[in-house]
Amino acid sequence: MSELELEQRSADKARRKRCLILAAVFLALVVVVIVAVALALRPKTHTFKSLFIDRCNKHTKKRNDCQKVYSAFAQAYIEQDPCRVSMDAYDPLVASAPFEPACNRMMFWSRTKDVVHDFTEKKDCFVTLEDTLLGSVLDGLTWCGKEGSRETFTTGCPGWDECVNNPVRSFWTRVSAAFADVACGDVTAMLNGSIRTPFSPSSIFGSIEVVRFNATRVKSLEVVLVSDRTEVANCTSSSFEDLQKVLDKEIKYNCNEVTHVELEECSADVEKPCGACW
């Protein structure tokens, strides 16, 4: 065999070796991608439950109760059609973590979530639904189940308006009703003055909460109308006539207007009481 043939054979072997190495690397990358996709698409039951329990433990010192609360929560939607979970399905959950009255401190809201929570974080004199155990644990989360599966899914779930009886919407409707049921004393509601209809009869506040205020427990409802630089509505807005129609006639009603800037300045002043902010 000539020297040229030996060099050619050696070059062929080197090329085959490089091809085998490249093929092995490619296959390894394919496996990594497949595993990553499978992990991304699998149900997030363990992660979701861990987050639920962790948030619950931060809210209460009774750690054993959090397992019971989660079990009551999961039974509402596990193995269920995600568009057929009624608000009644969460009755056992509400019973496992009943709402406690916070007379004269309960704050309701509609289309002002960020403004309300920014204010209540700085002024510790009001309690919103999201400050309660159930509200704080599930705030900002998405979940659903599927027929024939014991898993909890956090993707591929129906949106808020996709179907009425979806797990997330039914949960917030049910706990909003329970929160309103224990309202007592002087109640406050922060509404959006930068839209044409600050009070909407179809909102959770309008359709679920206000109608459950009981005059034997609630003395007054004070609406705080918060507007940005451009005020679109004020306390004389016709939408508030709709509010007063559904509010128990024995409950005193009042409305105050305040700008977002004024509210921020007041909330930053530790010397001012909450009521002085409007």
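Scroll up to find the structure.
Structural notes, computed from the coordinates. Since the model is a prediction, treat every value here as computed from it, not as a measurement.

The rules we used
- Residues numbered from 1 in each chain as written.
- Predicted model: local features only at pLDDT ≥ 70, side-chain atom pairs only at ≥ 80, totals over all residues.
- Heavy atoms only, no water.
- Helix = DSSP H or I, 4+ residues; strand = E, 2+ residues; numbered from the N terminus.
- Buried < 20%, exposed > 50% of the residue type's maximum accessible area, 1.4 Å probe, protein only.
- Pairing = 2+ DSSP bridges.
- Right-handed = clockwise from strand over helix to strand, strands pointing away.
- Arc of directions from axis to C-beta.

1. Notes on unusual backbone geometry
- Phi angles above zero are rare outside glycine, and Glu-79 is one such case at about 65°.
- On the secondary structure map, Glu-79 appears in the loop between helix 3 (63-74) and helix 4 (91-96).
- Positive phi, normally seen in glycine, also occurs at Asn-104, with a value near 70°.
- Along the chain, Asn-104 falls in the loop between helix 4 and strand 1 (107-110).

2. Quick notes on the pairing of strand 3 (residues 218-227)
- A large share of strand 3 lies buried, amounting to eight of its ten residues.
- As paired strands, strand 2 (residues 185-192) and strand 3 are joined by eight bridges and run parallel to one another. Within strand 3, the residue paired with Gly-185 across the bridge is Val-218.
- Assessed by its sense of winding, the connection that carries the chain from strand 2 through helix 8 (residues 204-209) to strand 3 is right-handed.

3. Considerations on helix 10 (residues 260-267)
- Burial in helix 10 covers these residues: Leu-263, Cys-266 and Ser-267. Each buried residue of helix 10 sits inside an arc of 95° when the element is viewed along its axis, so together they form one side.

4. Quick word on the environment of Glu-121
- Residue position: Glu-121 is located in helix 5 (residues 113-122).
- In this structure Glu-121 comes out as exposed when scored by relative accessible area, which is 68%.
- Counting along the chain gives 146 residues from Glu-121 to Ser-267, while the straight-line C-alpha distance between them is 9.0 Å.

5. Description of helix 9 (residues 239-246)
- Here helix 9 has its buried residues at Ser-239, Phe-240 and Leu-243. Buried residues of helix 9, seen end-on, are gathered within an arc of 95° and therefore sit on one face of the element.

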